[in-house]
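Summary of structural features
Single-letter residue listing:
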Amino acid sequence: WPASLPGTVLIVDDNRDAADALSDLLRSMGASTRVAYSGDGALRMVADGPPPGLAILDIGMPGMDGCELAARLRANPTLAGLILVALTGWGQHGDRERIAAAGFDHHLLKPLDLAALISALGLR
């Protein structure tokens, strides 16, 4: 995993298998990861520290969806510089606009194309 990756990677997805698999993949590449299965769980994890440098969020979660979570993370001054990546099955034009308005830096579609993630983050 490129050394330029900022800090810990926070992965948030209500699909536990998908979240755990992505975490395992990124850890196998040398990344430090933390996994939450809900927006509330992610906020608790962030409050407990350390702050993540990158967060990969599912959008379609029950309760607090990924867009609401993104807005809350963006409102946290301790997370200045956080890179937000939406990882979702939602890719229509309206979805992309809503995701961008929530403060995401990147929008990737499921299933994750690892090369697309690396490219989006400029980590070639």
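My aim in this report is to walk through the structure given alongside it, one point at a time. (Residues numbered from 1 in each chain as written. Predicted model: local features only at pLDDT ≥ 70, side-chain atom pairs only at ≥ 80, totals over all residues. Heavy atoms only, no water.)

**Examining the nonpolar core**
One finds Leu-10, Val-12, Leu-57, Leu-69, Leu-73, Leu-84 and Phe-104 to be the most contacted residues of the largest nonpolar core, which totals 22 residues. Those elements that provide at least two residues to this core are β1 (8-12), α2 (39-48), β3 (52-57), α3 (66-74) and β4 (83-88). By residue number, the principal contributor to this core is α3, which donates four residues. If we skip the residues at most four places from it in the chain, Leu-84 touches Ala-55, Leu-57, Ala-70, Leu-73, Arg-74, Gly-103, Phe-104, Asp-105 and His-106. Judged by nonpolar contacts, the second largest core, of 14 residues, contains Ile-11, Val-85, Leu-117 and Leu-121. (Core = buried A, V, L, I, M, F, W, Y, C linked by side-chain atoms within 4.5 Å. Buried < 20%, exposed > 50% of the residue type's maximum accessible area, 1.4 Å probe, protein only. Helix = DSSP H or I, 4+ residues; strand = E, 2+ residues; numbered from the N terminus. Contact = heavy atoms within 4.5 Å.)

**Remarks on α3**
Among the residues of α3, those classed as buried are Gly-66, Cys-67, Leu-69, Ala-70 and Leu-73. Buried positions in α3, seen along its axis, are confined to an arc of 160 degrees and lie on one side of it. Considering only its buried residues, α3 is in contact with β1, α2, β3, β4 and α4 (93-101). Measuring from the backbone nitrogen of Cys-67 back to the side-chain oxygen at the start of α3 gives 3.1 Å, which picks out Asp-65 as the cap. (Arc of directions from axis to C-beta. Polar contact = N/O pair within 3.5 Å; in protein donor to acceptor, adjacent residues only side chain to side chain.)

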